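Chain by chain, the residues:
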Amino acid sequence: MQARCLGRLKKEAEDIRNNFDGVLELDIKDESQMCWHVRFRGAEGSVYNGEVFTLQFKFSEDYPIESPEVIFVGIPPEHEHVYSNGYICLSTLYSDWTPALKVSAVTMSILSMLSSAVVKQKPANDAQAVVWMKNKSPKKVNWMFEDDKC
Amino acid sequence: MENNSSDQQQQQQDQNSSSQGAGEQGQDQRVTMTQEQLDEFQTQIKLNEDYQNQLKQEIEEQMPFISELTELSVLKHEYQDNKFELCFDQLATRYSKVRRLRRDGNCFYRAFLFQVFEHFIHNPEDPQYEQILKVLVGSKKDLMDLGYDEIAIEDFYDLFLDEFKKLKTIAKAKAAEHLLKLLCNKEEAVYIIMFARFLAACYLKQNAIMFEGFVGDVAQFCMREVEQVDVECDQPQIIAITNYLGLGVEINSVRADGGIEVINLPEEGYSGFRAKLLFVPGHYDALYQ
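Residues numbered from 1 in each chain as written. Chains lettered and ligands numbered in written order. Predicted model: local features only at pLDDT ≥ 70, side-chain atom pairs only at ≥ 80, totals over all residues. Heavy atoms only, no water.

### Thoughts on the overall build of chain B
Next up, step 1: Along the backbone of chain B there are 13 helices and 6 strands.
Next up, step 2: For chain B, with 289 residues in total, the buried portion stands at 51%.
Next up, step 3: Contacts spanning at least 24 positions in sequence make up 75% of the contacts within chain B whose residues lie at least 6 apart.
Next up, step 4: By element, 48% of the accessible surface of chain B is carried by carbon and sulfur atoms, the whole surface being about 13,800 Å². (Helix = DSSP H or I, 4+ residues; strand = E, 2+ residues; numbered from the N terminus. Buried < 20%, exposed > 50% of the residue type's maximum accessible area, 1.4 Å probe, protein only. Contact = heavy atoms within 4.5 Å. Areas by Shrake-Rupley, 256 points an atom, 1.4 Å probe, with all protein chains shown as cover.)

### Thoughts on the overall build of chain A
Next up, step 1: Check the secondary structure of chain A and you find 3 helices and 4 strands.
Next up, step 2: Listing each helix as α and each strand as β along chain A from the N terminus yields α-β-β-β-β-α-α.
Next up, step 3: Over its C-alpha atoms chain A spans a radius of gyration of 15 Å, differing by no more than 12% from the 15 Å that the globule rule assigns to 150 residues.
Next up, step 4: Each of the three principal axes of chain A carries a C-alpha extent, and together these read 40 × 35 × 25 Å.
Next up, step 5: Of all 150 residues assigned to chain A, the portion counted as buried reaches 51%.
Next up, step 6: Split by element, the accessible area of chain A, about 6,800 Å² in all, is 47% carbon and sulfur. (Rg over C-alpha atoms; globule rule 2.2 N^0.38 Å.)

### Considering the sheet that holds strand 3 (residues 248-254) of chain B
Residue and element names in this part refer to chain B.
Next up, step 1: Across the sheet, 6 strands lie side by side as 1-2-6-5-3-4; this open sheet has mixed pairing. A strand with exactly one partner marks an edge of an open sheet, and here the two such strands are strand 1 (70-71) and strand 4 (260-265).
Next up, step 2: With 2 bridges connecting them, strand 1 and strand 2 (residues 97-99) associate as antiparallel partners. Considered in strand 2, the bridge of E71 is made with K97. (Pairing = 2+ DSSP bridges.)

### Looking at the interface of chain B and chain A
Put simply, an interface is often sized by how much accessible area is lost when its parts join up.
Next up, step 1: Contact with chain B, which involves 39 residues of that partner, is made by 34 residues of chain A.
Next up, step 2: Together chain B and chain A conceal approximately 3,100 Å² of surface at their shared face, both sides included; 55% is due to carbon and sulfur atoms.
Next up, step 3: Joining chain B to chain A, the criterion identifies 5 salt bridges.
Next up, step 4: A salt bridge links E188(B) to R4(A), with the shortest nitrogen-to-oxygen separation between them at 3.9 Å. (Buried area = accessible area lost by both parts, 1.4 Å probe. Salt bridge = Lys/Arg side-chain N within 4 Å of Asp/Glu carboxyl O.)

### Regarding the confidence of the model for chain B
Residue and element names in this part refer to chain B.
Next up, step 1: Summarising the model, chain B shows a mean pLDDT of 88, and 88% of its residues fall at 70 or more.
Next up, step 2: Note on residues 1-21: pLDDT under 50 across the span, and 52 contacts to partners over four residues away in sequence or across chains.
Next up, step 3: Low pLDDT (under 50) marks residues 23-30, which in the prediction has 14 contacts with non-local residues, meaning those over four places away or in another chain. (pLDDT = per-residue confidence, 0-100.)

### Quick look at the pairing of strand 2 (residues 35-41) of chain A
Residue and element names in this part refer to chain A.
Next up, step 1: Burial runs high along strand 2: 5 of the 7 residues are buried.
Next up, step 2: Bridge count between strand 1 (residues 25-28) and strand 2: 4 bridges; the pairing is antiparallel. Bridge pairing in strand 2 places D27 opposite H37.
Next up, step 3: Pairing analysis gives 7 bridges linking strand 2 to strand 3 (residues 52-58), with the strands arranged antiparallel. Paired with W36 across the bridge in strand 3 is F57.

### A short note on the UniProt feature "domain: OTU" (unreviewed entry) in chain B
Next up, step 1: According to UniProt, the feature "domain: OTU" (unreviewed entry) maps to residues 96-289 of chain B in the numbering used here.
Next up, step 2: Between the end C-alpha atoms of residues 96-289 of chain B the distance is 5 Å, and the span holds 56% helix and 15% strand. (UniProt positions renumbered as here; feature names shortened; annotations may be inferred.)

Below, the structure written as structure tokens:
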């Protein structure tokens, strides 16, 4: 499985560099290429205009059959579906993941989720949830998705 | 064909066991929990998860992905004193053997592919082979026309197409051995079954108008019920993949009154190969004469 996974990641890295130049910035953090950082800027006209965010993607060797683990690192955006620990409540990252998705598509859907926010606000249960999620992979949290976006 | 399958129940159990989540944190009694109580609660959940995983592993170890040819009477024996027991007498008038499939959500796809591939190893000159090859070659473009990303689908496409082309080179006597190897593992087989799922999704999306009355939003249905590994297959997916490839299935569905209902897809006007399947609510096996 690992050879396939690495082959796929190589293609995805090219995809980001060739097709998302100036929008997404890829930083491959790990020698074995299984940990990526993807930086992007909050969209013009949105409440995050100009702010820079970094998503961390951790891939298992079963990627893309298994979803990557995706969180914000650094300062996460203040958004009702993003917790202070960087965890993101978005169904496509968990129960709705399909191997037809890819890193650029996931990042663009998170950017779109941010762009549709009209006000900056943390999730209502942020403080408790962050304690609850301590030492737990976001993929192990039993998310309750409230709408199409979360 | 009912939806209350044992495969789904297994998944449901898995979901239930995988803890309380962020979504429930707003409840008042949780707010008063101490860190110690939270830790204790998490330990319990972890134990529960481990137990579920162990059960799942035990099921996996007991059942191969695809069994050797087995006498149908073995199945009848297992359904002794069950409302479906008599169904096997009726089935035995037309079939004598069965290949049993692991209950992992992929049973339909694995059984279907096994029989189709087996048919073309045994009948390499069947004109349907070239027709299907042509459809498969064109499937990458079909998927991309629907908005699938080339890099997201091509590994699945390449492997499936290569293996389909290879069928012509397999000795007939080696058919079962070859296919048991190809379709029974957690590597290539996952990719091959995944591509079969993409093909079903392709037809569903191309013909969304025909399906939306049954499955609701077709894109959502494909994402949740077709394109995910280990999500089992219902009639819309079967109609989709058989129509897309131009193949058929004969589903022998057990009835509560002890009879067998034969469901042919496509129903009529088709004379090509049909995979012969047994359907017991929630599960498919492959039938042999």
